[in-house]
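Observations on the three-dimensional arrangement
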Amino acid sequence: MNLLRASVLLALFALPVFAQNPAQGQPARILGTIDSFNGQILSVKSQDGQVTSITVPPDLRVMANAKANLADIKPRDFVGSAADKGPDGKLHAGEVHIFPEAMRGTGEGHRPMGPDPNRTMTNGTVSGVSGSSSRTIVLKYKDGEQEIEVAPDTPIVTRVVGDRNLLKPGATVLILAAQKDGGLVATGLTAEKDGVKPR
């Protein structure tokens, strides 16, 4: 298992992060708290109380997030940003993930995020940063670029490698899973660490 596969996010940000129907061969996005984990099967309770069981392959790397800030976003960084188009026509970041170098290129591009046509996900290389208290970042990807406004209170995190000790009852997890052999199998897993929860 490599970082590229483990980081499907994502992000988080590696694939579109809205819930999809795994029966149609598309990834499912599951966000909730751990009910139990026996070393292979992870049971996750969503906000509506539904419990979903997901198989966690032995070679799947557990990822986590660490707090960062605006000053940590620099040119040439590879980042992912969920953003909403505001009344001013600009994209305003809802959150920003700074990826480690080993994950450069993960989910690169610009795409819709969920049913809201004004909400998007952009993964790309920072080609420009301007502003002080608030910043405008330019994310370049293969087919274009996007300018995204990042406010001082925007959640910003860096992606870090975790381990299975994070998979304990009550911890928040974000899982991307695919349908396989009649069940869900995790292809990406981000767990809560040091109070920083995946979203």
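These notes cover the structure that comes with them. A quick note: this is a predicted structure, and the numbers were derived from the prediction, not measured.

Opposite charge on two side chains lets them pair, provided their charged atoms get close. Using the criterion set out here, one finds three salt bridges in the structure. Here Arg104 and Glu101 are joined by a salt bridge, their closest N and O atoms 2.8 Å apart. Since its relative accessible area comes to 56%, Glu101 is described here as exposed.

You can see Thr122 is positioned in strand β8 (residues 119-130). By relative accessible area, which is 0% here, Thr122 ends up buried. C-alpha of Thr122 to C-alpha of His110: the two residues are 12 residues apart in sequence and 4.3 Å apart in space. Leave out the neighbours within four places in its chain, and Thr122 touches Val79, Gly80, Ser81, Gly109, His110, Leu139, Tyr141, Gln146 and Ile148. Among the polar contacts made by the side chain of Thr122, one reaches the side chain of His110 at a distance of 2.6 Å.

Among the nonpolar cores identified, the biggest contains 19 residues, and Ile54, Val173, Ile175 and Leu189 are the most heavily contacted of them. Among the elements that make up this core, the one with the highest residue count is strand β13 (residues 183-191) (four residues). Residues in contact with Ile54, not counting those within four places in the same chain, are Ile30, Gln40, Ile41, Leu42, Val44, Ile175, Ala177, Leu184, Val185 and Ala186. Counting residues in hydrophobic clusters, the runner-up holds 15 residues, among them Val79, Ile98, Leu139 and Val150.

Cut-offs and rules
Residues numbered from 1 in each chain as written. Predicted model: local features only at pLDDT ≥ 70, side-chain atom pairs only at ≥ 80, totals over all residues. Heavy atoms only, no water. Salt bridge = Lys/Arg side-chain N within 4 Å of Asp/Glu carboxyl O. Buried < 20%, exposed > 50% of the residue type's maximum accessible area, 1.4 Å probe, protein only. Helix = DSSP H or I, 4+ residues; strand = E, 2+ residues; numbered from the N terminus. Contact = heavy atoms within 4.5 Å. Polar contact = N/O pair within 3.5 Å; in protein donor to acceptor, adjacent residues only side chain to side chain. Core = buried A, V, L, I, M, F, W, Y, C linked by side-chain atoms within 4.5 Å.

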